[in-house]
Every structure is written in structure tokens, then in C-alpha cells.
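Structural overview
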Amino acid sequence: MKKKKSIIIAVSAASLLCLAIAVYSAILPKKTSVDFFSMNTYITVSAEGKDSPAACEEIQKLVNNLDSGVLSRQSEESEISAINSGGGKMSEGMRRYISDMLGIYEASEGAFDFALGSVSDLWGFGNEPHLPADAEIKAALKKSGAGKISINGDEIAANGAVIDFGAAGKGIALDEIKSLLNSMKIKNAVVSVGGSILLYGEKDFTVGIRNPEGNPGSYIMTVSTPAAFVSTSGSYEQNFEENGKIYHHILNPETGYPVQNELVSVTVVSDNGLASDALSTACFVLGAEKGMKFAEKYGCEVIFVDSDKKVTVSDGIKDSVKLTDNSYSFAE
Ligand code: AMP
Ligand code: MG
């Protein structure tokens, strides 16, 4: 069984950023960092500015509360657990998240489908990954899909589908963290939640995109960008081998099986956290050609890495991407 944690760009970003902040901290001595585990993933926070110690503390509280109280299907007290087991009134936050995700579901023609929880559960990712019986997948797929969700004002019914924040929750957390930082005295900050990163402040940032074949600390390219959200989805994040075949966690909503295309990772740069996270998953499902058009429609920049080590980059960030591993090259 192969299983790698999704710290993708987070780790390399942290190490690249350390350099930038090391220079910076001579003038701005208020840099504080904290690492913790929540939302089933590793979270790292690095902030500079007068309120940075308080920000580190508040971010931990925010993420833990968002996870256990709102987004986590594992938490019996969460809002999403209540919705999945019957529906009801949505909080203002949930209404916004669901409405944004439904928009991406529709615009991606179902490639981003956040109501595949029953199908994902069959595969056992994060638990005991295994190949489910084909009949089980077909039966679960029938009951699934964001198209089953009905909304009336702030009332929602999932109608048997299971809503899952696996593909957008990291970005949602980063949107909430950005709002929190806006209310504090923070000059620059970098927060990573699994494979999604918030780059906050007025400086330019450089992040590394993880080597799909290497360990989490090695990267194949760097991207320089002003403040943004950067999310990566990769088939190497969670996968297992059975009967000589590798199965990963990003599902084709039409079949209920892992997406099989040319891609190994997709990175999306956006000014919105939810969009960066959801679109990295959606573009993985869509493949490079359709995914490129889709990202463009959302005003996002995107980087596709395929299994032949070819890299395709959207026009808006072409000049900001530098390949650092010479076994990779830009697609023609
Ligand atoms: P990410 O790592 O952001 O690409 O999200 C992957 C996670 O989202 C998986 O572990 C599943 O929980 C869920 N997921 C899998 N396939 C899809 C899909 N096609 N649309 C939305 N969520 C998905
Ligand atoms: Mg995602």
C-alpha cells in the first residue's frame, strides 16, 4: 500500500519562505510560527507583524472549530453531519460554501462533485484503502451527486447524497483565515492546509510545487506570485496498489472510479481559497485541455503536470514559473 500525506507545496513553500523571512526578520522581529494537525492534514502557520503570536493562536482555534463544528463528516456535532443525516437550516457560512460549490459543480459540468461522500467512503481513503466491488460503486453512485441537493432559502436537503468537503474544505479554511488576518495587525503570513496555501501580505512569495515522484520535501518548479491562494491536487497524495494497479483518491463522478488521464498533479492560483482548492480537483478531473479553459473562465491560473513530465502553464503565470528539476520540461 502506498500512502503519502498531502503536504505537497506546503513543505517546500515553508522552506523557501524561511529564506525570505530570515532576511526580513532582521527588520521585522515579530515573526511567529506554529504547526498542528487538523482537518485530517498538517497545517503550518508563519506570520509576521505585531499580532503574529495572537494570529497563530487564533488560527488554530478557528481551524479546529471549523473542522469539528462545521465541515467534518467524522465529527457527530458538525453542521455537515446534521445536513447529511437529514438536512435542515444552514448557517450563513454553510450557505455561502454550498452555493459557491454548487456554482463550480455546475460550471464544471459535474467534474467537481462535492456529494460523492458515499462513493469515496467505499474506497476507504484515509482509513483502509481497498478496491470496492463494482456493484457497490454503482449502487453508491446512484444515490450520490450534488444534483440531488435541494435548497430553499437557508434550508437544505441532501436527499441521500453525502456532502463531503474533501476537495474544497482546505480552501474554505484559508478564506476564513484570511478574513481573520485582515482584522489583525499582520504584515505577511503563509498558511498551508494540506496541499493548499494562503500567501498573505504585500511582498512577493515563491512557492515550490512538489515532485510527484519524490518525497514531500522535494519540488520540481517554483512559482513566484503576489498574495494569492495556491492549491495542488495530485494522484500521488493518497493512493494504494491492488492487483498490480494503482488507485488514487480523485474520482471520476461519472464512473465512481479514480480519474484516469494524463495528469499527475494540478496547481491552481486564485484570489479565492475555495476556488483554488475546488478548481485544482475539478481541473484534475477535466484533464489539461478542458481544465485550462475552465480555469480561465474562473480567472484562475493553472499548472498541469503530466505523467510524461511535461508541464503546461496558463499564460498569466508563464513567466513566474521556473522548472528546477531538469527531467521536467514545458509542453510544446
Ligand atoms: P483534493 O485533494 O483537494 O483534490 O480533494 C480530493 C478529495 O475530494 C478526495 O479525497 C475526496 O474526498 C474528494 N473528491 C474525490 N473526487 C472528487 C470530485 N470529482 N469532486 C469533488 N470532490 C472529490
Ligand atoms: Mg481540491
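Residues numbered from 1 in each chain as written. Chains lettered and ligands numbered in written order. Predicted model: local features only at pLDDT ≥ 70, side-chain atom pairs only at ≥ 80, totals over all residues. Heavy atoms only, no water.

**Concerning the layout of surface pockets**
It is the rolling of a water-molecule-sized probe over the atoms that shows where space remains empty. What counts here: Buriedness for pockets is judged along seven lines, at least five of which must meet protein on both sides within 12 Å for an open set on the 1 Å grid over protein atoms alone, while cavities are sets there where a 1.4 Å probe fits but cannot get out, and lining residues have an atom within 4 Å of a point. Grid points are joined across faces, edges and corners, and a volume is the space filled by probe spheres set on the points. Secondary structure elements follow DSSP: runs of H or I of four or more residues count as helices, runs of E of two or more count as strands, with numbering from the N terminus. Polarity classes work like this: nonpolar for Ala, Val, Leu, Ile, Met, Phe, Trp, Tyr, Cys and Pro, charged for Asp, Glu, Lys and Arg, and polar for all others, with Gly in that last group.
Empty space within the largest pocket amounts to approximately 1200 Å³. Taken together, 41 residues line the largest pocket, and the ones lying closest to its centre are Asp164, Phe165, Gly166, Ala167 and Gln238. Those elements that provide at least two residues to the lining of the largest pocket are helix 2 (52-71), helix 5 (117-123), helix 7 (169-182), strand 10 (228-234) and helix 8 (273-297). With 3 residues, the top contributor of residues to the lining of the largest pocket is helix 8. The residue makeup of the lining of the largest pocket, split by class, is 14 nonpolar, 16 polar and 11 charged. Here the second largest pocket defines a volume of roughly 540 Å³. In this structure, the second largest pocket is lined by 26 residues; those nearest its centre are Ser235, Ile246, His248, Leu263 and Val264. Elements represented by at least two residues in the lining of the second largest pocket include exactly strand 12 (245-248) and strand 13 (263-270). The element contributing the most residues to the lining of the second largest pocket is strand 12, with 4 residues.

**Considering the site of ligand 1**
Filter applied, for reference: We define proximity as follows: a residue is near a molecule or strand when any one of its heavy atoms falls within 4 Å of that partner. Here a polar contact is recorded for every N or O atom pair within 3.5 Å, except that within protein the pair must consist of a potential hydrogen donor and a potential acceptor, and residues adjacent in sequence are included only if both atoms are side-chain atoms. For accessible areas, the Shrake-Rupley method is used with a probe of radius 1.4 Å. Any residue's cover is judged against the shown protein chains and nothing else. To qualify as sitting in a cavity or pocket, a molecule needs more than half of its atoms within 2 Å of the grid points.
Neighbouring ligand 1 are 17 residues, the closest being Asp164, Lys170, Ser233, Leu251 and Thr281. Within the backbone of aspartate 113, one N or O atom sits 2.9 Å away from a nitrogen atom of ligand 1. Here threonine 281 contributes a side-chain N or O atom positioned 2.7 Å from an oxygen atom of ligand 1. Isolated, ligand 1 exposes 500 Å² of accessible area, and the fraction of that covered by the protein chains is 93%. The site holding ligand 1 turns out to be the largest pocket. With 3 residues, the single largest contributor to the shell around ligand 1 is helix 8.

**Re the coordination of the magnesium ion (ligand 2)**
Six octahedral donors around a metal ideally make angles of 90 or 180 degrees; four tetrahedral donors ideally make 109.5 degrees. Definition in use: Listed donor atoms are N, O and S within 2.8 Å of the metal (Na, K and Ca: 3.2 Å). As water is not included, a site may look incomplete. Each residue's exposure class comes from its accessible area (1.4 Å probe, protein chains only) as a fraction of the maximum for that residue type: buried when under 20%, exposed when over 50%, partly exposed otherwise.
Here the magnesium ion (ligand 2) is held by the protein donor atoms Ala167 (O), Asp277 (O), Asp277 (OD) and Thr281 (OG1), which lie 2.1 to 2.6 Å from it. Every donor residue of the magnesium ion (ligand 2) comes from the same chain, spaced as A-x109-D-x3-T. Residue alanine 167 is found in the loop between strand 5 (155-157) and helix 7, and its partner aspartate 277 is found in helix 8; the two are separated by 110 residues along the sequence. Under the relative-accessibility criterion, aspartate 277 is labelled buried at 2%.

**Topic: the pairing of strand 7 (residues 196-201)**
To be explicit about the condition: Two strands pair under a simple rule: DSSP has to find at least two bridges between them.
For strand 7, the tally of buried residues reaches 5 of 6 residues, placing the bulk of the element in the interior. Pairing of strand 6 (residues 188-193) with strand 7, which is carried by 6 bridges, proceeds in the antiparallel orientation. The residue of strand 7 that forms the bridge with valine 190 is leucine 199. Hairpin connection of strand 6 to strand 7: 2 residues between the antiparallel strands, including glycine 194 at a positive phi of 55°. The pairing of strand 7 with strand 10 spans 4 bridges and is classified as antiparallel. The partner of leucine 198 across the bridge, within strand 10, is phenylalanine 229.

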